[in-house]
Amino acid sequence: MTPPAGSPGTPAPAPVPSGTTGGARLRSGELRRIVAEWLSDHAGTEFTPRDIAKKLGRSSGAVGNALQVLTDRGEAERTSLTPLRYRATAATAGAAAPSTPAASPAKASRRPRKAAPTPAAPTPAVPEPEAPHPAPVPPEEAPVSGPVTRPNGQTYHPRQLSGVPDVTALRKLRAAGVSSLLYGPPGTGKTSVVEAAFPDLITVQGDGDTTVADFVGEYTQTPDSRYVFVHGPLVTAMRDGRCLFIDDATLIPPTVLAVVYPAMDGRRQITVKANGGEVVTAEPGFYVVAGHNPGVHGAVLTDALSSRFSAQIQVSTDFDLAKQLNIDRRAVRVARNLATRQRKGEVRWAPQLRELIAFERISAVLGADAAAANLVGIAPEEDRDTVAVAVRDAFGTVIEPLALGPRV
């Protein structure tokens, strides 16, 4: 029998942290302001999204989205990637300021006014029952108008997707709970856009040897010869409300990939059989995005996998960006030519942005002819003659694959 509230042995209810609304839905941008206020009040201290979420009584996924927007605007800074940590900047205080004095209930709750004593205390509000499923993460996206820094420090240049920058579009899809599958040839930038859109990313690199344990975890022996269960990236992403990126998802055996499906549908739960049937429930903010290379040998997009990803987005090489990066126009011309022929089914391979960037790097140290020769050499054998002709036409000379010559 449960003792009545307030009786000995009954823990008092935890106080709602100041600056929160006890889980109530906020208007657009208000959570971002509250997060900025928290960082500003604790300037100089680093926090993970989960740290702040616990203090504010909000989901770690929503707080993570807010922190990313603040970082993109220069109103917060990311200090580490593993784990993700953030702290205030000189501009954070400005982001924490309410738009109008009357529109800041969180701020008012931090500085309560003294009230005259009353004969009887007001009747406390009855809390609403907890929803059976996590509420969708409120969108906290900010417009992206320029390059975005990826976690590895490299710069990503957003492209248009349905009239908005691709980074913004992916964040909106996450907020709406619409899983995304990005498909296209290797080297077109699928991983780059995902990393730019989701700094809280956890990646599983798929291949034919990927197992269920690579997703959910397995028992590991400790230095003192004990065995403990170490949870995998899927469980971590679910518990922390983070984004899980399954790269080369269509190379993973379908029976293995099926472990993710219950987390993606309305159940939002998985059962870890290897750990005694442990049940893991996804926190708000948990999101799955995958990459698919249709032309890679062994890549199979099953109906079961395709049906889980409502948004399927084709990613091709951005040749305009290649020009902006000052890549040799002759190499870009070769890539465009072969890409057109690839679409017609005349060749299976065409250089993508990754190969064009490599061309420029090789050209910088060995010269353009060596870079062109390497372009021929990396082509699949069945397409090498066709690639050699395209390179000859663009560079005005016969180019052989890059190879060692006579002894020096």
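Predicted model only: the values in this text are computed from it and were never measured. (Residues numbered from 1 in each chain as written. Predicted model: local features only at pLDDT ≥ 70, side-chain atom pairs only at ≥ 80, totals over all residues. Heavy atoms only, no water.)

Engineer: For the overall build of the protein, give the residues involved together with the corresponding values.
Structural biologist: When helices and strands are counted, the protein shows 17 helices and 15 strands. Within the span of the protein, comprising 408 residues, buried residues form 43% of the whole. The contacts in the protein between residues at least 6 apart in sequence include a share of 67% that link residues at least 24 apart. A total of about 22,300 Å² of accessible surface is found on the protein, and carbon and sulfur atoms cover 54% of it. (Helix = DSSP H or I, 4+ residues; strand = E, 2+ residues; numbered from the N terminus. Buried < 20%, exposed > 50% of the residue type's maximum accessible area, 1.4 Å probe, protein only. Contact = heavy atoms within 4.5 Å. Areas by Shrake-Rupley, 256 points an atom, 1.4 Å probe, with all protein chains shown as cover.)

Engineer: How would you sum up unusual backbone geometry? Please name residues and give values.
Structural biologist: Glycine aside, negative phi is the norm for most residues, and most peptide bonds take the trans geometry. The phi angle at S225 is positive, at roughly 70°, despite the residue not being glycine. Along the chain, S225 falls in the loop between β9 (217-221) and β10 (227-231). The class for S225 is exposed, based on a relative accessible area of 51%. At R268, a position not held by glycine, the phi torsion is positive, near 50°. Mapped onto the elements of the fold, R268 is located in the loop between α11 (261-264) and β12 (269-272).

Engineer: Lay out the pattern of salt bridges in plain terms, naming residues and giving numbers.
Structural biologist: Under the criterion given, the structure shown has 16 salt bridges. For the salt bridge of R341 with E346, the shortest nitrogen-to-oxygen distance reads 3.0 Å. Under the relative-accessibility criterion, R341 is labelled partly exposed at 28%. Of the residues examined, E346 reaches a relative accessible area of 46% and is grouped as partly exposed. (Salt bridge = Lys/Arg side-chain N within 4 Å of Asp/Glu carboxyl O.)

Engineer: Which residues make up helix α3 (residues 60-72), and what values go with them?
Structural biologist: Along its 13 residues, α3 runs 18 Å from first to last C-alpha, staying within 8% of the 18 Å computed at 1.5 Å per residue. Counting buried positions over the 13 residues of α3 gives twelve, a clear majority of the element. Every buried residue of α3 is accounted for by S60, G61, A62, V63, G64, N65, A66, L67, Q68, V69, L70 and T71. One or two positions beyond α3, positive phi appears at G74, with a value near 80°. (Expected span 1.5 Å × (residues − 1).)

Engineer: I'd like a rundown of the sheet that holds strand β14 (residues 287-292), residues and numbers included.
Structural biologist: Read from one edge to the other, the open sheet built from five strands follows the order β8-β11-β14-β7-β15, with strand pairing classed as parallel. Two strands lie at the open edges of the sheet, namely β8 (202-205) and β15 (311-314), each paired on one side alone. Sheet twist, expressed as the average angle between the axes of neighbouring strands with direction ignored, equals 20°. As paired strands, strand β11 (residues 243-247) and β14 are joined by four bridges and run parallel to one another. (Pairing = 2+ DSSP bridges. Axes fitted to C-alpha atoms, helices over the stretch in contact; angles between N-to-C directions.)

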